[in-house]
Amino acid sequence: MSDHELIWRIAGGSGDGIDSTSQNFAKALMRSGLDVFTHRHYPSRIRGGHTYVEIRAAGHKVQSRGDGYNFLLALGDSFARNPKEGAYYGNEEIKPLSENLDELNEGGIIVYDSGLLSEDDVSELDLEERAEENDWHVFPIDLRAMAKEHGREVMRNTAGVGVTAALLEMDLEHIEDLMRDAMPEKILEPNLEILHDAHDMVTEEYDFEHDLRIPEGDHEDEQALLSGSNAIAYGAIDSGCRFIAGYPMTPWTDVFTIMSQNLPDMGGISEQVEDEIAAAALAVGASHAGVKAMSGSSGGGFALMSEPLGLAEMTETPIVLLESMRAGPSTGMPTKPEQGDLEFTLYTSQGDSARVVFAPGNIEEAYEQTRLAFHVAYEYQIPTIIIYDQKLSGENENVAVSFLDREPDPSLGSTLTEDELEDLPHDESGKFHRFQHDVENGVSPRSLPGQKGGRFLATGNEHTPAGHISEDPDNRVFQMDRRLEKLEAIRAELDEEHDSNQTYAGDESADFGIITWGSAQGAVLEATERLNEQGHSVKAVGVSDMMPFPEAELTEFIESVDQAMVVEMNATAQFRGLIQKELGRYGEKLTSLLKYNGNPFEPADIVEGYELNVDGSDAEPDAQVRIEPAAGD
Amino acid sequence: MSAFNAIGDEREIDRDEFTPGLEPQPTWCPGCGDFGVLKALKQALPEVGLTPEEVLTVTGIGCSGKLNSYLDTYGFHTIHGRSLPVARAAKLANDGLTVVAAGGDGDGYGIGGNHFMHTARENHDMTYIVFNNEVFGLTKGQTSPTSPKGHTSKTTPHGNAKSPIRPLSLALTSGATYIARTAAVNPNQAKEIIKEAIEHDGFAHIDFLTQCPTWNKDARQYVPYVDVQESDDYDFDIHDRKEAQEMMFETENALYDGTVLTGRYFVDERPSYQQQKKELGEMPEEPLAERYFDDDAEWERSYDLLERHK
Ligand SMILES: Cc1ncc(C[n+]2csc(CCOP(=O)(O)OP(=O)(O)O)c2C)c(N)n1
Ligand code: SF4
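Keep in mind that this is a model prediction, so the values were computed, not measured.

What counts as what
Residues numbered from 1 in each chain as written. Chains lettered and ligands numbered in written order. Predicted model: local features only at pLDDT ≥ 70, side-chain atom pairs only at ≥ 80, totals over all residues. Heavy atoms only, no water. Helix = DSSP H or I, 4+ residues; strand = E, 2+ residues; numbered from the N terminus. Rg over C-alpha atoms; globule rule 2.2 N^0.38 Å. Buried < 20%, exposed > 50% of the residue type's maximum accessible area, 1.4 Å probe, protein only. Contact = heavy atoms within 4.5 Å. Pairing = 2+ DSSP bridges. Axes fitted to C-alpha atoms, helices over the stretch in contact; angles between N-to-C directions. Polar contact = N/O pair within 3.5 Å; in protein donor to acceptor, adjacent residues only side chain to side chain. Buried area = accessible area lost by both parts, 1.4 Å probe. Salt bridge = Lys/Arg side-chain N within 4 Å of Asp/Glu carboxyl O. Near = heavy atom within 4 Å. Areas by Shrake-Rupley, 256 points an atom, 1.4 Å probe, with all protein chains shown as cover. Nonpolar A, V, L, I, M, F, W, Y, C, P; charged D, E, K, R; others polar. Parallel < 35°, antiparallel > 145°, perpendicular 65-115°, else oblique. Left-handed = near helix turned anticlockwise from the far one by under 90°.

Let's talk about the overall build of chain A
On a plain count of helices and strands, chain A comes out with 22 helices and 22 strands. By the compact-globule yardstick of 26 Å for 633 residues, chain A fits well, its C-alpha radius of gyration being 27 Å. Counting across all 633 residues of chain A, residues that qualify as buried make up 64%. Partitioning the contacts of chain A with sequence separation of at least 6, the portion at a separation of at least 24 is 78%.

Structure follows, in structure tokens:
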């Protein structure tokens with residue numbers, strides 16, 4: 001049963017412990033040798049409101065949610081109980097069951113808490129009829145009563161996990177171990193009792209007619225379950241970043257929190273400040289004084305950072321900023337992913353400003369590219385930005401522990417020591433020519449305040465090599481060219497010294513191409529596999545280098561196919577625009593598949609988009625995706 | 001060995017060291033009060049034993065922001081209103097540095113007002129000099145947050161309907177632990193106050209009255225002024241928050257009545273932010289920036305954090 005997959009969804013109210021329960025269950029699956037991928041769905045509310053977490057587990061690599069799911073554990077939303085008549089957010093108690101039925105696959109399993117979801121509400125759902133139609137196996141179980149019997153009502157999550165394990169014929173060992181690690185003694189005992197009770201009751205009382213069982217799998221190396229935010233934070237820590245400043249905004253808050261919880265114990269500093277302008281300005285100040293520093297935000301907060309971003313460019317102060325996208329414009333949909341801030345991130349800030357932008361496509365890339373972002377920022381004295389989104393931020397995947405065992409990199413890049421400074425030319429008053437002695441790549445190594453012999457003025461105004469404000473035309477052209485030249489040097493380094501940041505799938509000789517970026521990558525790669533299994537000839541590339549753009553690589557890819565489809569999560573085809581701008585052509589060859597309803601692409605959306613695209617069908621796609629035809633069509 | 005040997009460098013310092021050699025002559029107008037700040041700083045810094053290389057001056061944008069173009073320390077001329085967050089972080093990153101932030105009244109009390117409030121609240125160990133000339137100088141004379149009520153300019157042709165901001169009171173309620181007002185026309189007092197402010201451990205705010213003869217011809221040139229410490233007419237305890245507050249209130253009203261009161265208004269011993277962070281274990285004892293030059297430093301890796309993810 002090796003291609004057999006479990007896609008388990010636990011649904012309940014926000015604040016009902018769905019997150020921690022699913023996290024532990026995902027780890028148990030990972031420990032049993034499976035590859036896992038988790039997806040979190042939540043409303044913009046702190047408590048109450050229907051939420052779910054989905055865990056996909058299989059004996060092979062999983063890189064997206066997959067299509068639909070096959071096990072629903074509906075706990076009921078305890079915060080929605082006794083709603084006021086007609087209350088705006090009211091009467092959602094049944095939602096964990098009612099809202100989730102549409103995506104449940106044929107043959108799927110439903111477990112719902114008959115102790116919390118009222119019979120009347122359930123009977124309105126025509127559950128029996130639908131179950132028959134779809135061959136669902138329904139288990140109404142009073143999880144609440146089981147929890148109450150040994151402990152407290154909130155422990156019904158544990159009862160649900162016990163039931164799940166029984167129905168899947170899964171060993172309880174890993175689940176128990178994880179509970180022992182996570183729970184204080186006082187609540188551990190009752191939870192273990194509930195777990196076993198639930199498991200035994202189901203095993204004894206029910207015959208399982210369903211086919212779904214725990215998949216089989218095996219890992220060679222020890223695994224860790226990491227979110228995109230974990231991977232970025234850890235990439236930063238391993239890069240020697242010891243200063244972060246920020247202001248909370250979903251979804252960037254995750255990284256900010258992880259860093260704040262760890263940095264002080266590592267001799268670093270974390271600052272929550274008054275706003276995002278200050279946050280980015282602090283990163284600039286700390287870096288100027290000789291520390292590896294970062295900041296970040298999401299759309300609206302990032303907008304405020306455009307000023308300090310420009311300052312970092314003009315003063316050639318290295319910083320790393322994160323842009324964690326959510327659906328916009330304005331406050332948009334705070335808990336929904338979108339890839340709508342690409343153009344904004346590439347071009348925000350005044351003038352011909354230059355920065356480096358990386359868009360990792362999965363958890364491992366998030367780690368790698370964060371490290372690269374620090375390397376490039378400090379080596380080339382330029383702001384680098386990691387653009388990602390709510391999806392990548394919150395989803396979890398297992399990563400081999402050995403993958404993160406990289407040497408720390410505390411290098412400050414192009415920064416001089418006092419000994420080195422001594423040998424360099426200074427002007428009469430002892431000033432060091434900070435913005436002058438570039439050689440091949442436009443980079444002019446810096447000194448740090450407090451160093452002997454390194455005195456200079458950094459200024460956001462145009463300035464001479466010594467840092468004096470200047471509007472001299474020749475100097476202006478020299479300095480501007482020098483700053484821009486760095487981008488070419490960075491492109492050259494990325495091409496020559498690093499394995500490509502782009503991720504490819506499919507057969508090289510395929511005649512149809514799919515191009516995507518950022519977190520849409522997983523679904524695209526999986527869709528590509530499926531299309532090829534269906535006998536199509538498709539290959540795909542997930543692009544991570546947004547700026548400087550990997551011109552040569554993309555040209556080669558597009559040239560090698562008859563037609564290509566650009567897949568991205570926004571309404572205005574921003575990435576396709578970038579490709580056409582950077583390559584100066586291909587308007588006639590690129591179609592777009594767009595999705596901007598707040599939900600990420602799933603492989604089936606892309607398969608469907610491909611079919612409509614290639615068949616030229618007039619049918620409207622039904623997953624709320626949109627096709628933007630090639631120019632001239 | 002330290003990577004920052006300029007810090008703590010003890011030697012006789014000639015104040016000419018703070019004067020740039022080949023730099024351009026100041027672009028300030030003749031008679032501008034900004035010269036007074038520059039001069040006072042050039043005198044104060046060597047007198048407190050600082051060398052140009054252990055001082056970082058961080059400025060905003062405005063005529064005032066040019067201060068560090070004409071003062072030969074390590075400098076960062078930032079953007080309008082943002083000197084404080086940059087300065088704060090530099091001090092956190094390397095608290096061996098002496099950090100002096102400066103900017104105009106528009107820069108500091110207008111666009112940078114939020115940062116002012118928070119930097120004072122947090123009591124960062126630094127000196128903040130606001131060049132208060134009651135107008136926007138660099139953008140040609142518009143009404144500023146400290147312009148008097150009724151002030152006419154191109155942006156308030158019918159007179160300013162707003163009451164001026166009260167910088168000293170604002171600093172006090174926000175949490176600054178050293179607050180003074182001085183004036184460019186009083187170089188000796190200015191120098192002494194700057195020295196005290198630099199030596200103060202915490203956020204020292206100086207509202208520095210600087211005349212702008214170009215755009216604020218009507219304004220008093222801050223003479224004659226009265227030093228509240230020197231005068232027998234004023235008696236209050238600068239360590240007493242309440243008395244200081246009353247004195248500030250009087251001073252701020254008087255400024256627009258033609259009586260210019262200057263001097264020290266409040267000094268408090270509350271530990272600096274840096275100190276408090278260190279006590280909480282949120283900031284290393286040694287300057288963080290040193291760590292990057294220390295070959296023996298142990299760099300923790302995220303690998304050590306993976307246990308909780310397994
Ligand atoms: C974000 C931003 N807004 C506006 C400006 C234009 N600007 C430059 S200086 C200045 C005001 C300067 O007034 P003040 O801070 O009082 O300093 P002064 O020139 O009087 O010393 C303004 C509005 C700017 N540079 N940046
Ligand atoms: S405009 Fe005013 S503030 Fe600016 S330099 Fe001239 S006198 Fe000084």
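After that view of the structure, there is still more to cover.
Here we look at the sheet that holds strand S6 (residues 137-141) of chain A
Residues and elements named next belong to chain A. Spatial ordering of the open sheet is given by S6-S5-S4-S1-S3-S2-S14-S7, a layout of eight strands whose pairing is mixed. Whereas interior strands pair on both sides, the edge strands pair on one side only; in this sheet they are S6 and strand S7 (223-227). The average angle at which neighbouring strand axes cross in this sheet is 20 degrees, direction not considered. Pairing analysis gives seven bridges linking strand S2 (residues 35-41) to strand S3 (residues 50-58), with the strands arranged antiparallel. Following the sheet pairing, Val 36 is matched in S3 by Ala 57.

Digging into the environment of Glu 418 of chain A
Tracing the backbone shows Glu 418 of chain A in helix H17 (residues 418-422). Spatially, the C-alpha atoms of Glu 418 of chain A and Gly 450 of chain A are 9.8 Å apart, while their sequence positions differ by 32 residues. Here Glu 418 of chain A is in contact with Gly 450, Gln 451 and Lys 452 of chain A together with Ala 3, Phe 4, Asn 5 and Ala 6 of chain B, once residues within four sequence places are set aside. Side-chain polar atoms of Glu 418 of chain A contact the side chain of Asn 5 of chain B, separated by 2.5 Å.

Regarding the interface of chain B and chain A
Taken together, the contact pairs 63 residues of chain B with 78 residues of chain A. Counting the surface lost from both chain B and chain A, the interface buries some 5,900 Å², and carbon and sulfur atoms represent 59% of this. Per-residue buried area on chain B facing chain A is highest for Tyr 74, Tyr 292 and Lys 310 of chain B; these three make up 13% of the total on that side. Connecting chain B to chain A are ten salt bridges. Residue Asp 9 of chain B is joined to Lys 452 of chain A by a salt bridge in which the shortest nitrogen-to-oxygen separation is 3.4 Å. There are 35 residue pairs in polar contact (both at pLDDT 80 or more) connecting chain B and chain A. If you list the elements that add at least two residues to the side of chain B that touches chain A, you get strand S2 (74-77), helix H2 (83-93), helix H4 (113-122) and helix H8 (273-279) of chain B.

Describing the sheet that holds strand S3 (residues 98-104) of chain B
A sheet is described by the order of its strands in space; here nine strands give the open sequence S15(A)-S2(B)-S1(B)-S3(B)-S4(B)-S6(B)-S5(B)-S8(B)-S7(B), paired in mixed fashion. Of all strands in the sheet, those with a lone pairing partner are strand S15 (457-459) of chain A together with strand S7 (225-227) of chain B, marking the two edges. Between one strand axis and the next, the sheet turns through 20 degrees on average, direction left out of account. Judged from the four bridges that link them, strand S1 (residues 55-59) of chain B and S2 of chain B form a sheet pairing that is parallel. By the bridge assignment for S2 of chain B, Val 58 of chain B is matched with Phe 76 of chain B.

What about the site of ligand 1?
Surrounding ligand 1, one finds 17 residues, the nearest of these being Cys 63, Gly 106, Asp 107, Gly 137 and Leu 138 of chain B. Two or more chains meet at ligand 1, and those chains are chains A and B. In this structure, Gly 137 of chain B approaches ligand 1 through a main-chain N or O atom, which is 2.8 Å from an oxygen atom. Protein chains bury 76% of the 590 Å² of accessible surface belonging to ligand 1 in isolation. Sort the elements by how many residues they give to the shell around ligand 1 and helix H3 (residues 105-111) of chain B lands first, with four residues. The residue makeup of the shell around ligand 1, split by class, is six nonpolar, eight polar and three charged.

A look at the side chain of Ser 592 of chain A
Residue and element names in this part refer to chain A. Within the fold, Ser 592 resides in strand S21 (residues 590-595). Ser 592 gets classed as buried once you look at its relative accessible area, which sits at 0%. Of the polar contacts made by the side chain of Ser 592, one reaches the side chain of Arg 576; its length is 3.1 Å. Not counting residues within four places of it along the chain, the set of residues in contact with Ser 592 comprises Val 566, Ala 573, Arg 576, Arg 626, Ile 627 and Glu 628.

Remarks on the packing of helix H15 (residues 363-380) of chain A against helix H18 (residues 473-497) of chain A
Geometry of a packed helix pair, given as the angle between the helix axes and the separation of the axes. Residues and elements named next belong to chain A. It is at 11 Å that the axes of H15 and H18 come closest, and there the two elements cross at 140 degrees. By the angle between their directions, the pair H15 and H18 is classed as oblique. Like other packed secondary-structure pairs, H15 and H18 cross with a definite hand, here right-handed. Facing Leu 372, His 375, Val 376 and Tyr 380 of H15, the residues of H18 in contact are Lys 486, Ala 489, Ile 490, Glu 493 and Leu 494. By residue class, the composition of the contact of H15 with H18 is six nonpolar, one polar and two charged.

Description of the site of ligand 2
Ligand 2 sits among Trp 28, Cys 29, Cys 32, Cys 63, Asn 133, Cys 212, Pro 213, Thr 214 and Trp 215 of chain B. For the shell around ligand 2, the per-class residue count stands at seven nonpolar, two polar and no charged.

Quick look at the pattern of salt bridges
When the charged atoms of two side chains with opposite charge come close together, those side chains can pair. All names here are of chain A. Inspection of the entire model under this criterion finds 56 salt bridges over all chains. For Arg 65, the salt bridge goes to Glu 602, with nearest N and O atoms at 3.2 Å. One end of the pair, Arg 65, is in the loop between S3 and strand S4 (69-74); the other, Glu 602, is in the loop between S21 and helix H22 (603-615), with 537 residues separating them in the sequence. Grouping residues by exposure puts Arg 65 and Glu 602 together as buried. Of the charged contacts in the structure, one is a salt bridge between Glu 462 and Arg 476, with a shortest N-O distance of 2.9 Å. Placement of Glu 462 in the loop between S15 and H18 and of Arg 476 in helix H18 is noted, with a sequence separation of 14 residues between them. Of the residues examined, Glu 462 reaches a relative accessible area of 10% and is grouped as buried. The exposure class assigned to Arg 476 is partly exposed, which follows from its relative accessible area of 36%.

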